[in-house]
Amino acid sequence: MKLNRKDVEHVALLSRLELSETELDKYTGQLDAILEYIDVLNQVDTSAVEPMAHVLDIRNVMRADEVQPSLPREAALQNAPDAEDGFFKVPKIVE
Amino acid sequence: MDLFRLKAHELQQKLFRREVSAVEITQSVLARADKVDSTIQSFITRTPEAALAQAKRVDEKLARGEAVSPLAGIPGALKDNMCTKGVKTTCASKILANFVPPYDATITEKLAAADAVIVGKANLDEFAMGSSTENSGFFVTRNPWDTDRVPGGSSGGSGAAVAAGEAIWSLGSDTGGSIRLPAAYCGVVGLKPTYGRVSRYGLVAYASSLDQIGPFARDVRDCALVLGAISGHDRRDSTSINAPVPDYTAKLESGVKGLKIGLPREYFVAGMQPEVEAAIRRSIDELVAMGAELVEVSMPHTQYALATYYLIATAEASSNLGRYDGVGFGHRGEGSDIVSMYKRSRAEGFGPEVQRRIMLGTYALSSGYYDAYYLKALKVRTLIKQDFDRAFGQVDVLIAPIAPTTAFKIGEKVEDPLAMYLVDVCTIPSNLAGVPALSLPCGFADGLPIGMQIIGPHLSEATLLQVAYTFEQAHDYHKQLAAIREVD
Amino acid sequence: MKFETVIGLEVHTELKTASKIFCGCTTEFGGDQNTHVCPVCLGLPGVLPVLNEKVLEFAIRTGLALNCKISHYSKFDRKNYYYPDLPKNFQTSQYDLPICEGGYLDIEVGGETKRIGITRVHMEEDAGKLVHSGTISNSEYALVDYNRTGVPLLEIVSEPDIRTPEEAKAYLEKIKSILSYIDVSDCKMEEGSLRCDANISLRPVGQEQFGTKAEIKNVNSFKAVQRALEYEQERQEEVLSEGGRIIQETRTWDDSRGVTLSMRNKEQAQDYRYFPEPDLVPIVVDSEQIEAIRRSLPELPDARKARIMKEQGLSAYDAEVITATRPMADYFDALIAAGAEAKAAANWLMGEVSKLLNACSLDIRSCPVPPANLAEMIALIEKGTISGKIAKTVFEAMWNEGKTAPVIVKEQGLVQMSDEGELGNIVEAVIAANPQSVADFNAGKEKAVGFLVGQIMRQTKGRANPELVNRLLKEKLTGK
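What you see as residue numbers is a count from 1 along each chain, following the sequence as written. Think of it this way: whatever chain is written first is A, whatever ligand is written first is 1, and the rest follow in order. In view of the model being predicted, local features appear only for residues whose pLDDT reaches at least 70, and side-chain atom pairs are presented and counted only at 80 or more, with totals across whole chains, interfaces and linings using the full set of residues. Computation of side-chain values: all heavy atoms of the structure, hydrogens and water removed.

### Section: the overall build of chain C
Here's step 1: For chain C, the count of helices and strands is 15 helices and 17 strands.
Here's step 2: Computed over its C-alpha atoms, the radius of gyration of chain C comes to 29 Å, more than 25% above the 23 Å expected for a compact globule of 480 residues.
Here's step 3: The dimensions of chain C, computed from C-alpha atoms along their principal axes, are 90 × 55 × 50 Å.
Here's step 4: Buried means the residue's accessible area, taken with a 1.4 Å probe over protein chains only, is under 20% of the maximum for its type, while exposed means over 50%, and partly exposed covers the values in between. With 480 residues in all, chain C has 55% of them scored as buried.
Here's step 5: The contact criterion used throughout is that any non-hydrogen atoms of two residues lie within 4.5 Å. Sequence-distant contacts, at least 24 apart, represent 69% of the contacts inside chain C between residues at least 6 apart.
Here's step 6: Carbon together with sulfur atoms contributes 48% to the accessible area of chain C, which is approximately 21,300 Å² in total.
Here's step 7: Counted as positive: Lys and Arg. Counted as negative: Asp and Glu. His and the chain ends are not counted at all. Where a charge lies is defined by one atom per residue type: Lys uses NZ, Arg uses CZ, Asp uses CG and Glu uses CD. Side chains of chain C carry 57 positive and 71 negative charges; the gap between the two charge centres is 3 Å. To qualify as a helix, a DSSP run of H or I must reach at least 4 residues; to qualify as a strand, a run of E must reach at least 2; elements of each kind are numbered from the N terminus. Taken over C-alpha atoms, the radius of gyration is set against a globule rule of 2.2 Å times the number of residues to the power 0.38. Surface exposure here means Shrake-Rupley accessible area, sampled with a 1.4 Å probe, where a residue is shielded only by the protein chains that are shown.

### Considerations on the interface of chain B and chain A
Here's step 1: Contacts between the two partners involve 66 residues from chain B, matched on the other side by 50 residues from chain A.
Here's step 2: Taking both sides of the interface into account, the surface hidden between chain B and chain A amounts to around 5,200 Å²; carbon and sulfur atoms contribute 69%.
Here's step 3: Of all residues in chain B, the largest losses of buried area upon contact with chain A belong to B:Lys343, B:Met359 and B:Tyr363, amounting jointly to 12% of the total for that side.
Here's step 4: In what follows, salt bridge is the name for a side-chain nitrogen of Lys or Arg lying within 4 Å of a carboxyl oxygen of Asp or Glu. On the surface where chain B and chain A come into contact, there are 1 salt bridge.
Here's step 5: In this structure, A:Glu18 and B:Arg344 form a salt bridge, with 2.9 Å as the shortest nitrogen-oxygen distance.
Here's step 6: For the purposes of these results, a polar contact is taken to be a pair of N or O atoms within 3.5 Å, where, inside protein, one atom must be able to donate a hydrogen and its partner to accept one; residues adjacent in sequence count only when each atom of the pair is a side-chain atom. Taken together, the links from chain B to chain A amount to 19 residue pairs in polar contact (both at pLDDT 80 or more).
Here's step 7: Elements with a contribution of two residues or more to the side of chain B that touches chain A: α9 (305–320), α10 (338–349), α11 (352–365), α12 (371–394), α13 (417–421) and α14 (428–433) of chain B.
Here's step 8: Broken down by element, the side of chain B that touches chain A gets its largest block of residues, 11 residues, from α12(B).
Here's step 9: In the scheme used here, Gly and all other residues not listed as nonpolar or charged are polar, with Ala, Val, Leu, Ile, Met, Phe, Trp, Tyr, Cys and Pro taken as nonpolar and Asp, Glu, Lys and Arg as charged. Split into classes, the residues belonging to the side of chain B that touches chain A amount to 35 nonpolar, 20 polar and 11 charged. When two parts are brought into contact, each loses some accessible area as probed by a 1.4 Å sphere; the total of that loss over both is the buried area.

### Overview of the pattern of salt bridges
Residues and elements named next belong to chain C.
Here's step 1: Tallied over the full model, the rule gives 72 salt bridges over all chains.
Here's step 2: The salt bridge partner of Glu-428 is Lys-476, with a shortest N-O separation of 2.8 Å. Placement of the pair is Glu-428 in helix α12 (residues 420–433) and Lys-476 in helix α15 (residues 466–478), with a sequence separation of 48 residues.
Here's step 3: For Glu-428, a relative accessible area of 42% puts it in the partly exposed group.
Here's step 4: One connected set of salt bridges, linked through shared partners, spans Glu-299, Arg-304, Arg-307, Glu-311, Asp-330 and Asp-333.

### Observations concerning the packing of helix α14 (residues 447–459) of chain C against α15(C)
All names here are of chain C.
Here's step 1: As a packed pair, α14 and α15 sit with axes 11 Å apart at the nearest point and diverge in direction by 125°. The orientation of α14 with respect to α15, classified from their angle, is oblique. Relative to α15, the crossing made by α14 is right-handed. Here Val-449, Leu-452, Val-453, Ile-456 and Met-457 of α14 lie close against α15, whose contacting residues are Pro-466, Val-469, Asn-470, Leu-473 and Leu-477.
Here's step 2: For the contact of α14 with α15, the residue count by class is 9 nonpolar, 1 polar and no charged. Inter-axis angles, ranging from 0 to 180 degrees, are taken between N-to-C directions of lines fitted to C-alpha atoms, where helices are fitted over the stretch in contact. Here is the rule for angles: anything less than 35 degrees is roughly parallel, anything more than 145 is roughly antiparallel, 65 through 115 is roughly perpendicular, and the remaining ranges are oblique. The sense of a crossing depends on the near helix, which, turned anticlockwise from the far helix by less than a right angle, makes the crossing left-handed and, turned clockwise, makes it right-handed.

### Digging into the sheet that holds strand β9 (residues 397–401) of chain B
Residue and element names in this part refer to chain B.
Here's step 1: Pairing in this open sheet of 11 strands is mixed, and the strands run β1-β3-β2-β4-β6-β5-β10-β11-β9-β7-β8 from one edge to the other. Unpaired on one side and paired on the other, β1 (43–46) and β8 (293–297) mark the two borders of the sheet. Each adjacent strand pair in this sheet contributes to an overall mean axis angle of 30°, direction not counted.
Here's step 2: Paired strands, in this sense, are two strands between which DSSP finds at least two bridges. Of the pairings in the sheet, the one linking strand β7 (residues 260–264) to β9 comprises 2 bridges and is parallel in character. Its bridge partner being in β9, Ile-261 is matched across the sheet by Val-397.
Here's step 3: Each of β4 (169–173), β5 (189–192), β6 (213–217) and β10 (437–445) is contacted by helix α7 (residues 220–230), which is oriented at about 150° to β6, the strand it contacts most.

### Section: the nonpolar core
Here's step 1: For our purposes a nonpolar core is just a set of buried Ala, Val, Leu, Ile, Met, Phe, Trp, Tyr and Cys residues, chained together by side-chain atoms within 4.5 Å. The biggest cluster of nonpolar side chains holds 193 residues, and the ones touching the most others in it are B:Phe127, B:Leu171, B:Phe388 and B:Ile454.
Here's step 2: Once you skip the residues sitting within four places of it in the chain, B:Ile454 turns out to touch B:Val397, B:Leu398, B:Ile399, B:Pro436, B:Ala437, B:Leu438, B:Leu440, B:Leu464, B:Val467 and B:Ala468.
Here's step 3: The next biggest cluster of nonpolar side chains, apart from the first, holds 61 residues, and it includes C:Ala170, C:Met189, C:Val225 and C:Ile290.

### As for the pairing of strand β12 (residues 194–204) of chain C
Residues and elements named next belong to chain C.
Here's step 1: With 9 of 11 residues buried, β12 lies mostly within the body of the structure.
Here's step 2: Examined bridge by bridge, strand β1 (residues 3–14) and β12 share 11 bridges and lie antiparallel to one another. Bridged to Val-6 within β12 is Ser-201.
Here's step 3: One ladder, built from 4 bridges, connects β12 with strand β13 (residues 214–219); its direction is antiparallel. Residue pairing for β13: Ala-198 is matched across the bridge by Ile-216.

### As for empty space enclosed by the protein
Here's step 1: Whether a set of points on the 1 Å grid over the protein atoms alone is a cavity depends on a 1.4 Å probe fitting there but being unable to get out, while an open set qualifies as a pocket with protein on both sides within 12 Å along at least five of seven lines; lining residues are those with an atom within 4 Å of a point. Grid points are joined across faces, edges and corners, and a volume is the space filled by probe spheres set on the points. Tallying each qualifying case throughout the model produces 12 cavities of 30 Å³ or more.
Here's step 2: In this structure, the largest cavity occupies an estimated 180 Å³ of space.
Here's step 3: If you go around the largest cavity, you meet 21 residues; those closest to its centre are C:Val40, C:Pro49, C:Lys88, C:Thr92 and C:Glu125.
Here's step 4: Taken together, the residues of the lining of the largest cavity break down into 11 nonpolar, 4 polar and 6 charged.
Here's step 5: Space inside the second largest cavity adds up to approximately 120 Å³.
Here's step 6: In this structure, the second largest cavity is lined by 18 residues; those nearest its centre are A:Phe88, B:Gly328, B:Phe329, C:Leu42 and C:Leu44.
Here's step 7: Counted by class, the lining of the second largest cavity contains 13 nonpolar, 3 polar and 2 charged residues.

### Some details on the pairing of strand β7 (residues 100–109) of chain C
Residues and elements named next belong to chain C.
Here's step 1: The pairing of strand β3 (residues 69–70) with β7 spans 2 bridges and is antiparallel. Residue pairing across strands places Ile-70 opposite Cys-100, the latter belonging to β7.
Here's step 2: The pairing of β7 with strand β8 (residues 112–125) spans 9 bridges and is antiparallel. Residue pairing for β8: Glu-101 is matched across the bridge by Arg-120.
Here's step 3: Hairpin connection from β7 to β8: 2 residues lie between these consecutive antiparallel strands, with Gly-110 at a positive phi of about 60°.

Below, the structure written as structure tokens:
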């Protein structure tokens, strides 16, 4: 086993996904199989290899500090599931 | 005449000679979609009124004698993960079912500037995650060559629309093969350009370091025309390449004499459908007969590409898809507090494949596993890129299969994610290396199209098109449109 | 057991660029909710960030001013966590390759200079603002304004070199002073453009290993940081002295009650999953660019203070106060350039000028009295044309009416009376009119002199030269 049900529960919490018991079981099996496959990478010696986050050698892409027009507020809020007084509205925040 | 059966460059000639109007072309394509889309289901959203209005504007421009671009008045489709201001952009996800962007993607702006006609937004695997379009949150798109089969994915709607005559050309996005696979399965030309060649601004991100927009077309010339219209530097995309865009049609007729073609032996994997392997090898022989030189090359890290991809792509996706939380846009589930609202919204809004990839990526980045998974994958990515660098030191292009088999049956791989992932084994390496790769029809097996892959070094699109054109002109695969069993 | 306090501070400062860090929206403070937003800072599907070049320049300026090494190769990373003030649910920040590392600044506490290490300075984006209905714990919902989302921030992290709450306050004051000198931030705590999180732990004196720390958030002024740390220091000492253990946690400062409170469970399931931001490319800065920015830096507070002490002979205290902000120091320099005597200039600046600025809530940059005019007035005192006391009246009139000192002195007849004969007559008249005070004086009550001086000043409408009055009075009273 590469990962167990408890790992999946933890990952689901980090991912903010509500999973049923059945889903947890199913995902545990599937993710375990995928990770099992991914183990093939351990055959590769990467001790002297630099990681590559960007495939292109592009650097220093910047814009001038100039103000551009913002969106009208109606447009900013047009897709909001809930809004009030020009604010986005969300359920209470519990820490 | 069925205008919808013609290529863009043919229609363009007729348009410029005033033999037909853009409105007539558009009407023909819209009528075809009216007829076949209930069967093929390429589109999530169709925009016939806007398309006709745009066609009318093109006709007016032509009447005034104004210069127009090669794509002017030619109907095309966009994958529904490209933002269109005022038109729903869903990513085939329930979580974005009602999302209407207040802005246009760069490619949307460029196509508008080229006076192209957009007939609709094409279906895809939800958030471009999949190889069959079965992961669409709405419905499955069918392969026009055999409606029991998948069109490939994730840009299945874009591929099927072009193959079925519902669009003359279309755009897809390719993160691990999502343009090339549907192009191969649907028997059309598909090109994943060099990473950075086409702006990603307005393309809803799946895996930012791999995603790239590219064209689907009926033939290589059309592919070159569309690529020319969408390529170029964009200041809104920091990873955009600042290099001039050549006329991609200029070198089409230059032939392959003296070109060095590499045959990477690792791409001919165990379990390949014999007809597919035979078609590829036969195609290579033909190119050699046309004057190309064949060189066997080895790309030893190819076998690690799939695992590498599924770590990098899912890690980036887990972060890119964090924003779908029911706060600013998209589906909101019931929840009395913020965390339960988040969890409910995302559980209801995302389909299983998206959930699976989010969790895999989250795991790969999580404390204690980062080095073993994500960082390891970045290092292997370096080795895969070096394989390509070495190969392109020896050859001009590589020829390989697109997929080990022809289009598979709908439902065949749904329950086995890993089997589905293995479909992409030949297309993924070029995304990891950021190099361009083209899918070209090169034969049929049991009435299903087979795709050949032509891969080149960074910014070698013109060469890929040149090789593809030379091969294409020696065959008539591009002259056939799929005959849809239920309709034609 | 005796304990030693160990404090490290994380300061977040908003940079005063015109536009946000990754998009063109304005950074202007205020504005109706959700009007300074665009697809990019709202994190809409499909958007991409592009770095504002000014942010990099300001970060390097700050790093240099804090004696940091500037990284030749730097990059952005994503910090992933879910919170509704963060539209993408990740913050674009810098993780393992920050733009600046390994600096320091010197603070002065109790007359001694102490060096505090700066671990790093990095660039990141600010989050939006939440408005809770009621308190955070009993509210039914929250409202979100994304105007601040994407405003550029620098995070300045200190080494755990700070040993007392007082040092912490001095450190913050110094940071603020430097940031305002190099003109990268407004440092307005009330607008949230300067914020501070504090890490504090205790360890037995002599122990090398750090104790368990608590992180204090939500502290809104320098004074509050000091108070919160004092409270927390006491709380931890109490827990440890009773044999208890400190829990590693985040605590919030309740300013009205003067206590820190535990924010329960905040740390649970917190895993930021940092990884390189794929949508932003690396930043490569060469030595030439760094040197060009170094050359553009103004004289910093420490150097300026040292120079003023040396050139003008001011005390360390005076020089410290005057150089605390650059506009104040500039004003002082302008006074000197206009010919004012240094000690007098410093006294006026720290005294009347500051008093009136505070009373009117004005910044010295908007001081209605230009330095040249104040220097001119100080010269009138030097020459004896007006007394120091009258000068305050003159200064107020300059402030309110915008006229120069000579004009006011002339208009209001405020020239100092320094004629010995004229003043002598008035002194004699006052002595004659107040026999009781004279008797008191002769009986040894020195205070009686004060009363007589007051009477003389009243008769001369305050114009009498006070030194002369004192001398004449003494002479006449003692008959010398």
